[in-house]
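# Structural description and commentary
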Amino acid sequence: MSDPEITVHPPDARLLEGRTAVVSGATSGIGQGIALEIAAHGAGVAFGYRSDPDTAHRMADALVALGRRAVAVRMDVGSEDEVREAFARARAELGAVDLVVANAGREAEVRLVDMTLDDWTDVIDTNLTGTFLCCREGARQMVEQGRGGTIIGVTSVHDRMPWTGFSHYAASKGGQRLFLESIAKELAPSGIRVVAVAPGAIATPINREMLDDPELRGAVEAQIPMARVGGVAEVARAAAWLASDQASYVTGATLVVDGGMTLYPPDAG
Ligand code: BGC
């Protein structure tokens, strides 16, 4: 994979200077875009990776070379021990965490009648249990620090839209949404905001097959009022805003970034 450009916004434009973030699944797609955007806004970032240490280290090193705080941390979000260790390492290297981006996700197409228990648990462990573990570790540091913070879940339009062939994925996304809304109520008295960004069809490696097949891509774009797939940067900018004090009265909310996809079905005729 070729590395995206790594830059930092001018001081006046930075929304997250002094903040410290852990991002899960930070080596590709939306997670990578969000990690780099919040770093560009001045946050110190722990880049969580599962299978691509090289990319995580390259991004962290590039930011350190620009004088920023960054570290790569191994974190399979399905493993309680790895999540604990990654958050402890982030705190030791960068300071107490006050921003969590629970992004790591997995999707695979399989019809219900063919779905094995392993298919089901693979998706639920990463998407739902992984979100729980990252939120819990982040919230523990934030509560202990007593200075509040922000938790962002990266969900999906399928937190509300059923999806044929992806029932486990939709279940995980619907579950994430109610989990995040519940902890938003629980953590509000501690000054911790909990929000979600729900992307629609975005140009990322997870969608490679659809993006490369003009017919499939056309069928997806026909369901999007804006008639195009979204860009990673369009999701990343929304997440950076949600993380910032610009969104100081926003909690328990989901910002849908989908070109209108959730307004489906299209008008008849
Ligand atoms: C999935 C994409 C899909 C989009 C819209 C996302 O949650 O990751 O693969 O294109 O939803 O269906």
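Everything here concerns the structure above.
Let me sum up the structure you'll find in this document. Small disclaimer: the values here were computed from a predicted structure and weren't measured.

### Here we look at the overall build of the protein
- A count of helices and strands for the protein gives 8 helices and 7 strands.
- What you see for the protein is a C-alpha radius of gyration of 18 Å, in line with the 18 Å of a compact globule of 269 residues.
- When its C-alpha atoms are laid out on the principal axes, the protein stretches across 55 × 35 × 35 Å.
- In the protein, 74% of the contacts between residues at least 6 apart in sequence involve partners at least 24 apart.
- For the protein, the exposed surface amounts to about 12,600 Å²; the carbon and sulfur share of it is 51%.

### Side note on the sheet that holds strand β7 (residues 254-257)
- Here we have 7 strands laid out as an open sheet, ordered β3-β2-β1-β4-β5-β6-β7, and parallel in their pairing. Of all the strands in the sheet, the pair left with one neighbour each is β3 (70-74) and β7. Adjacent strand axes in the sheet meet at a mean angle of 15 degrees, parallel and antiparallel pairs treated alike.
- In this structure, strand β6 (residues 192-199) lies alongside β7, joined through 4 bridges in parallel fashion. Along β7, the bridge assignment pairs Ala 198 with Val 256.

### A closer look at the layout of surface pockets
- Looking at the second largest pocket, its volume works out to about 290 Å³.
- For the second largest pocket, the lining is made up of 15 residues, of which Pro 4, Glu 5, Gly 33, Leu 36 and Glu 37 are closest to its centre.
- The leading source of residues in the lining of the second largest pocket is helix α1 (residues 29-40), at 6 residues.
- Split by residue class, the lining of the second largest pocket holds 7 nonpolar, 6 polar and 2 charged.

Rules and cut-offs
Residues numbered from 1 in each chain as written. Predicted model: local features only at pLDDT ≥ 70, side-chain atom pairs only at ≥ 80, totals over all residues. Heavy atoms only, no water. Helix = DSSP H or I, 4+ residues; strand = E, 2+ residues; numbered from the N terminus. Rg over C-alpha atoms; globule rule 2.2 N^0.38 Å. Contact = heavy atoms within 4.5 Å. Areas by Shrake-Rupley, 256 points an atom, 1.4 Å probe, with all protein chains shown as cover. Pairing = 2+ DSSP bridges. Axes fitted to C-alpha atoms, helices over the stretch in contact; angles between N-to-C directions. 1 Å grid on protein atoms, 1.4 Å probe; cavity = no way out; pocket = protein on both sides within 12 Å on 5 of 7 lines; lining within 4 Å. Points joined across faces, edges and corners; volume = space filled by probe spheres on them. Nonpolar A, V, L, I, M, F, W, Y, C, P; charged D, E, K, R; others polar.

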